[in-house]
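These are the residues of each chain, in order.
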Number of protein chains: 2
Amino acid sequence: MNTESFFPKNIKAALQNNPPGDWIPSVPAKAIRLHSGYPAPHLVPSKDLKEAVAQLLEEENDLPLHYIGSPRIDKLKEWVRLRQEVRGMVAKDDELLITAGACQAIDLIARIFLDKDAVVIVESPTYMEALEIFQNYTEQIITVPVDKDGLQTGQLAELLAERKQKGLTMPSFLYTIPTFHNPTGTTMTEERRGQVLKLAEEYDFLVLEDDAYGELGFKENPKTLKSMDTKDRVLYVGSLSKVVAPGMRIGWVHATERFIQALFWFKKDLEHPFAQATMATLLENTDFTSRLQTLSESYQRKCQVMLAALEKSLPENASWFVPKGGYFVWVKITGVDTEKLLSKATEGGVSFLPGKYFFLDQAEGAEYLRLSFSYESEENIEEGIQVLGDVVQSFLR
Amino acid sequence: MNTESFFPKNIKAALQNNPPGDWIPSVPAKAIRLHSGYPAPHLVPSKDLKEAVAQLLEEENDLPLHYIGSPRIDKLKEWVRLRQEVRGMVAKDDELLITAGACQAIDLIARIFLDKDAVVIVESPTYMEALEIFQNYTEQIITVPVDKDGLQTGQLAELLAERKQKGLTMPSFLYTIPTFHNPTGTTMTEERRGQVLKLAEEYDFLVLEDDAYGELGFKENPKTLKSMDTKDRVLYVGSLSKVVAPGMRIGWVHATERFIQALFWFKKDLEHPFAQATMATLLENTDFTSRLQTLSESYQRKCQVMLAALEKSLPENASWFVPKGGYFVWVKITGVDTEKLLSKATEGGVSFLPGKYFFLDQAEGAEYLRLSFSYESEENIEEGIQVLGDVVQSFLR
């Protein structure tokens, strides 16, 4: 049997890319993990979840364990609707779809808008999982660079004008993480947000706004693109992974009714009644505003510790953006190949993610690395950055 | 904004089909539910699940709530591997993929093998969710009828020979539910199973074996196609939905390594750590053989009650297959449009699924209906069938 002969052309093409999860480093158990985009262990509400499950199953018995039946599935959606409203995004019930995290949401959006002839625009660098997803659908991925103020909308405008003029296929959508960007930690200015929406209208494309970190501002959370969107062009993707727990796999899409209908058409995992009802029960018992406050304070302290340690331990040729929220610090070390650096660093007992995985053209990421301050304790962050500094110094020698 | 202009051609075509879940009837809360393919409430281990979650989170704290980290995720896969082995299907670790139920597995298989030019063969009638899934990928769906001995392999052979002779596109795969079939309750004979595998080899197609009900035999469970498959042509799909709880969304694929790799490539919900680790914990504490015994005895009794009630209450022009396992009785009532019958039946207080939803050409299903004996109590089944009998009688008058 010739296994390859069974794959259609587009699948064969996708299978030529780097395999999924290629970027996950092999890290010794004892290493200080600065590569993981995980919430801090003590901020994951495992005790509350245990109690939520007990309450749910005592109150509802078998209901949340069937395909349909738990009233809490609707309650989760209502919680999401209210949360969107608090943030200036008014959704009707049929403008929301609960998904298995942000990734499934991004995959479904790619599924309904992309085929091999479609064009998608991404930020450079961008979230590696999203890159993997888009590469499963099309080879026509175009990048626009990010600076300290987010996506460079001037370059986006030029690129669009040029494609239009040349008669090239115009993009189906732009994928952006405007707030506390992964991996750079930067935030798009309000002016640029306005430009993105204006360009979307002018060149008739959609905007996929990934807001996984959007409520994790140290001081404040910027207005979302969706809240500024008067033309229904934004497909907003939210997630509870970074503010509750990624292992529960709860995210959502807020978009115009017809798009939600189409996304649901292709969502064939038949929901996740137990996970959704458990999350609804947890949220019933959670003061979410106060939870966000706790997360914000804790991550801000961790970030400050990391930035101070970077100042102290990294050489002159290293630079980074100062984040105003989120999970990440994006570091450039001129003259250092961060992939080679990683093996030395893990030997020394600290991990990070090499920049290459966040770029379509991986060579562009050679001198960058992503550090996450979310997972480890302040002590470990300090120690980890010191080890990293030593490894960089010895690497430069 | 013209929403439709954003959909590629194949998505536009798929959106022309009946919407997903179109078949779910609107049933009064008090009705006796003979439409639901749900396990019996008292057989869903909600108390054990509550304890499993408590144990899991006490032992592992935040581990199962991150993306990766719980050792029980590997343990679930190992449980599945051993279960396959018990049933004569030897899998290596990289020949298994855990999925969000059988439906996600079927969707992923369709995703990697079907495009608009591909041909898929299904049984007629067949599982309505699978039909919906395949229609999302191709319009070239070919049906082969089922009789009391399962898929009519003679007709399959003729169809294949004819396509070959005419130079038509040959099928990528055959989708079959050989054991305790949904909706007919029939089981494919061993001889026919051999023929399916022989034809797959002769005409170079794959076999998607959906075995969701395969361990729910009243007396015994037939050999799976996968256990007879010496050529790696079978993609076996298993599920814990019918033997533990559908709301947990745990299924799997057992297939040759290259296909598992390709399925994983397109599975973008990033696993379900909490659900998988919870299920692993539950299964650690479950005597599965004894559980299957309990399920089999209970469903056999319910089935017998349903069959006796059908004999008693349904008129001469009604006939059905006698199932040897599973959840369903498939009834034909000559001269009755079962979709019209349904609204009378739900008014009377009983529900079923009209046959039309299980056929590609819905007109073929007009005189059929699917009854599920799994969910309701023996008393309710008896009463429900009596009501159904009355409704049929009044309908015929």
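Just so it is clear, the model here is predicted, and its values are computed rather than measured. (Residues numbered from 1 in each chain as written. Chains lettered and ligands numbered in written order. Predicted model: local features only at pLDDT ≥ 70, side-chain atom pairs only at ≥ 80, totals over all residues. Heavy atoms only, no water.)

### What to know about the overall build of chain A
For step 1, the next point in the chain: Tallying secondary structure elements over chain A gives 13 helices and 14 strands in all.
For step 2, the next point in the chain: Compactness check: chain A gives a C-alpha radius of gyration of 21 Å against a globular reference of 21 Å for 397 residues, within 12% of the reference.
For step 3, the next point in the chain: By its C-alpha atoms, chain A is 65 × 55 × 55 Å across when sized along the principal axes.
For step 4, the next point in the chain: Burial statistics for chain A: of 397 residues in total, 63% are counted as buried.
For step 5, the next point in the chain: In chain A, once contacts between residues fewer than 6 apart in sequence are set aside, the share between residues at least 24 apart is 74%.
For step 6, the next point in the chain: As presented, chain A carries roughly 14900 Å² of accessible surface, and 47% of it is formed by carbon and sulfur atoms.
For step 7, the next point in the chain: For chain A, the distance from the average site of its 43 positive side-chain charges to the average site of its 57 negative ones is 1 Å. (Helix = DSSP H or I, 4+ residues; strand = E, 2+ residues; numbered from the N terminus. Rg over C-alpha atoms; globule rule 2.2 N^0.38 Å. Buried < 20%, exposed > 50% of the residue type's maximum accessible area, 1.4 Å probe, protein only. Contact = heavy atoms within 4.5 Å. Areas by Shrake-Rupley, 256 points an atom, 1.4 Å probe, with all protein chains shown as cover. Lys, Arg positive; Asp, Glu negative; His and termini not counted. Charge placed at Lys NZ, Arg CZ, Asp CG, Glu CD.)

### Some points on the packing of helix α6 (residues 153-166) of chain B against helix α7 (residues 190-203) of chain B
Residues and elements named next belong to chain B.
For step 1, the next point in the chain: At a minimum axis distance of 10 Å, the contact between α6 and α7 shows a crossing angle of 10 degrees. Relative to α7, α6 is oriented roughly parallel. Of the residues in α7, those in contact with Thr-153, Leu-156, Ala-157, Leu-160, Ala-161 and Lys-164 of α6 are Arg-192, Gln-195, Val-196, Leu-199 and Tyr-203.
For step 2, the next point in the chain: Looking at the contact of α6 with α7, its residues break down into 7 nonpolar, 2 polar and 2 charged. (Axes fitted to C-alpha atoms, helices over the stretch in contact; angles between N-to-C directions. Parallel < 35°, antiparallel > 145°, perpendicular 65-115°, else oblique. Nonpolar A, V, L, I, M, F, W, Y, C, P; charged D, E, K, R; others polar.)

### A word on the sheet that holds strand β14 (residues 368-372) of chain B
For step 1, the next point in the chain: If you walk across this open sheet you meet the 4 strands as β10-β11-β14-β13 (chain B), and the pairing is antiparallel. For this open sheet the edge positions go to β10 (318-320) and β13 (353-354) of chain B, each flanked by a neighbour on one side alone. (Pairing = 2+ DSSP bridges.)

### What to know about the relation of the copies chain B and chain A
For step 1, the next point in the chain: Mapping chain B onto chain A calls for a screw motion: a turn of 180 degrees about the axis and a shift of 0.0 Å along it, with 0.0 Å RMSD after fitting. A rotation of that kind, with that shift, is consistent with a two-fold axis.
For step 2, the next point in the chain: Most of the interface of chain B is mirrored in chain A, where 100% of its interface residues are also at the interface. (Least-squares fit on C-alpha atoms with pLDDT ≥ 70 in both.)

### With respect to empty space enclosed by the protein
For step 1, the next point in the chain: According to the stated counting rule, one finds 6 cavities of 30 Å³ or more in the structure shown.
For step 2, the next point in the chain: Forming the walls of the largest cavity are 18 residues, and the residues nearest its centre are Asp107(A), Phe266(A), Gln104(B), Asp107(B) and Phe266(B).
For step 3, the next point in the chain: Its residues assigned to classes, the lining of the largest cavity comprises 6 nonpolar, 2 polar and 10 charged.
For step 4, the next point in the chain: Its volume calculated, the second largest cavity comes out at about 130 Å³.
For step 5, the next point in the chain: Lining the second largest cavity are 14 residues, with Ala102(A), Tyr127(A), Ala212(A), Lys242(A) and Tyr67(B) sitting closest to its centre. (1 Å grid on protein atoms, 1.4 Å probe; cavity = no way out; pocket = protein on both sides within 12 Å on 5 of 7 lines; lining within 4 Å. Points joined across faces, edges and corners; volume = space filled by probe spheres on them.)

### What to know about unusual backbone geometry
For step 1, the next point in the chain: Here the bond from Asn182(A) into Pro183(A) is cis, since omega is 15 degrees, no more than 30 degrees from zero.
For step 2, the next point in the chain: A cis amide bond links Ser124(B) to the next residue, Pro125(B), at an omega of 0 degrees.
For step 3, the next point in the chain: With phi around 55 degrees, Asp204(A) is a residue other than glycine that occupies positive phi space.
For step 4, the next point in the chain: Here Asp204(A) is to be found in the loop between α7 (190-203) and β7 (206-210).
For step 5, the next point in the chain: Non-glycine residue Asp232(A) carries a positive phi angle of around 60 degrees.
For step 6, the next point in the chain: Among the structural elements, Asp232(A) can be located in the loop between α8 (225-228) and β8 (234-239).
For step 7, the next point in the chain: Of the residues examined, Asp232(A) reaches a relative accessible area of 32% and is grouped as partly exposed.

### Quick notes on helix α3 (residues 71-86) of chain B
Residues and elements named next belong to chain B.
For step 1, the next point in the chain: With 16 residues, α3 should reach 22 Å at 1.5 Å per residue; the first-to-last C-alpha distance of 23 Å fits that figure.
For step 2, the next point in the chain: Along α3, the positions that sit buried rather than exposed are Arg-72, Ile-73, Leu-76, Lys-77, Trp-79, Val-80, Arg-81, Arg-83 and Gln-84.
For step 3, the next point in the chain: The secondary structure elements touched by the buried residues of α3 are α2 (46-60), β2 (96-99), β8 (234-239), β9 (251-254), α10 (273-284) and α11 (288-313).
For step 4, the next point in the chain: The N-capping residue of α3, defined by a side-chain oxygen 3.1 Å from the backbone nitrogen of Arg-72, is Ser-70.
For step 5, the next point in the chain: Phi turns positive one or two residues past the end of α3, at Gly-88, with a value near 80 degrees. (Expected span 1.5 Å × (residues − 1). Polar contact = N/O pair within 3.5 Å; in protein donor to acceptor, adjacent residues only side chain to side chain.)

### Considering the sheet that holds strand β6 (residues 173-176) of chain A
Residues and elements named next belong to chain A.
For step 1, the next point in the chain: Strands sit in the order β2-β9-β8-β7-β6-β3-β4-β5 across an open sheet of 8 strands; the sheet is mixed. In the strand order of this sheet, the two ends are held by β2 (96-99) and β5 (150-151), each with one partner.
For step 2, the next point in the chain: Note that β2 and strand β9 (residues 251-254) share 4 bridges and pair antiparallel. Each residue of the ladder has a partner; that of Ile-98, found in β9, is Trp-252.
For step 3, the next point in the chain: On the sheet, helix α9 (residues 257-265) packs against β2, β7, β8 and β9 and is oriented at approximately 30 degrees with respect to β2.

### Side note on the domain arrangement of chain A
Residues and elements named next belong to chain A.
For step 1, the next point in the chain: What the domain assignment lists for chain A is domain 1 (25-44 + 290-396) and domain 2 (46-284).
For step 2, the next point in the chain: Centre-to-centre, using C-alpha coordinates, domain 1 lies 25 Å away from domain 2.
For step 3, the next point in the chain: Each partner contributes to the roughly 2500 Å² buried at the junction of domain 1 and domain 2, and carbon and sulfur atoms together form 65% of this total.
For step 4, the next point in the chain: The interface formed by domain 1 and domain 2 holds 0 salt bridges in total.
For step 5, the next point in the chain: Applying the counting rule to domain 1 against domain 2 returns 10 residue pairs in polar contact (both at pLDDT 80 or more).
For step 6, the next point in the chain: Contributions of two or more residues to the side of domain 1 that touches domain 2 are made by α11 (288-313) and β11 (328-333).
For step 7, the next point in the chain: The dominant element in the side of domain 1 that touches domain 2, judged by the number of residues it contributes, is α11, at 7 residues. (Domains from an automatic or database assignment. Buried area = accessible area lost by both parts, 1.4 Å probe. Salt bridge = Lys/Arg side-chain N within 4 Å of Asp/Glu carboxyl O.)

### Comments concerning the UniProt feature "domain: Aminotransferase class I/classII large" (unreviewed entry) in chain A
For step 1, the next point in the chain: Mapped onto this numbering, the UniProt entry annotates "domain: Aminotransferase class I/classII large" (unreviewed entry) at residues 87-387 of chain A.
For step 2, the next point in the chain: Between the end C-alpha atoms of residues 87-387 of chain A there is a gap of 41 Å, over a span that is 40% helix and 18% strand. (UniProt positions renumbered as here; feature names shortened; annotations may be inferred.)

### Let's talk about the environment of Arg83(B)
All names here are of chain B.
For step 1, the next point in the chain: Mapping Arg-83 onto the fold places it in helix α3.
For step 2, the next point in the chain: As for Arg-83 and Ala-102, which are separated by 19 residues in sequence, their C-alpha atoms are 16 Å apart.
For step 3, the next point in the chain: Ignoring sequence-local partners within four residues, the contact set of Arg-83 consists of Glu-215, Phe-288 and Leu-292.

### Some details on the pattern of salt bridges
Opposite charge on two side chains lets them pair, provided their charged atoms get close.
For step 1, the next point in the chain: Inspection of every chain in the model, using the stated rule, returns 52 salt bridges over all chains.
For step 2, the next point in the chain: Ionic pairing is found between Glu51(B) and Lys47(B), a salt bridge with its closest N-O pair at 3.4 Å. Linking Glu51(B) with Lys47(B), this pair stays in helix α2, spanning 4 residues, or about one helical turn.
For step 3, the next point in the chain: Using a relative accessible area of 55% as the deciding quantity, one classes Lys47(B) as exposed.
For step 4, the next point in the chain: Linking Asp117(B) and Lys116(B) is a salt bridge whose minimum nitrogen-to-oxygen distance equals 3.2 Å.
For step 5, the next point in the chain: Among the ionic contacts, a cluster of salt bridges with common partners joins Glu59(A), Glu60(A), Arg72(A) and Glu284(A).

### Structural notes on the pairing of strand β3 (residues 120-124) of chain B
Residues and elements named next belong to chain B.
For step 1, the next point in the chain: With 5 of 5 residues buried, β3 is to be regarded as a mostly interior element.
For step 2, the next point in the chain: Both β3 and strand β4 (residues 141-147) contribute to a ladder of 5 bridges, which runs parallel. Paired with Val-122 across the two strands is Thr-143, which belongs to β4.

### A closer look at the interface of chain B and chain A
For step 1, the next point in the chain: With 78 residues of chain B at the contact, the number on the chain A side is 78 residues.
For step 2, the next point in the chain: Between chain B and chain A, a total of about 7000 Å² is buried, with carbon and sulfur atoms accounting for 67% of that surface.
For step 3, the next point in the chain: Along the contact surface separating chain B from chain A lie 8 salt bridges.
For step 4, the next point in the chain: Across the pair Glu4(A) and Arg258(B) runs a salt bridge whose closest N-O atoms are separated by 2.8 Å.
For step 5, the next point in the chain: Remark: the boundary between chain B and chain A carries 24 residue pairs in polar contact (both at pLDDT 80 or more).
For step 6, the next point in the chain: Mapped by element, the contributors of at least two residues to the side of chain B that touches chain A are α1 (9-14), α2, α4 (101-113), α5 (128-135), α9 (257-265) and α10 of chain B.
For step 7, the next point in the chain: Of the residues forming the side of chain B that touches chain A, the biggest block, 7 residues, is contributed by α2(B).
For step 8, the next point in the chain: Grouping the amino acids of the side of chain B that touches chain A by side-chain chemistry returns 44 nonpolar, 15 polar and 19 charged.

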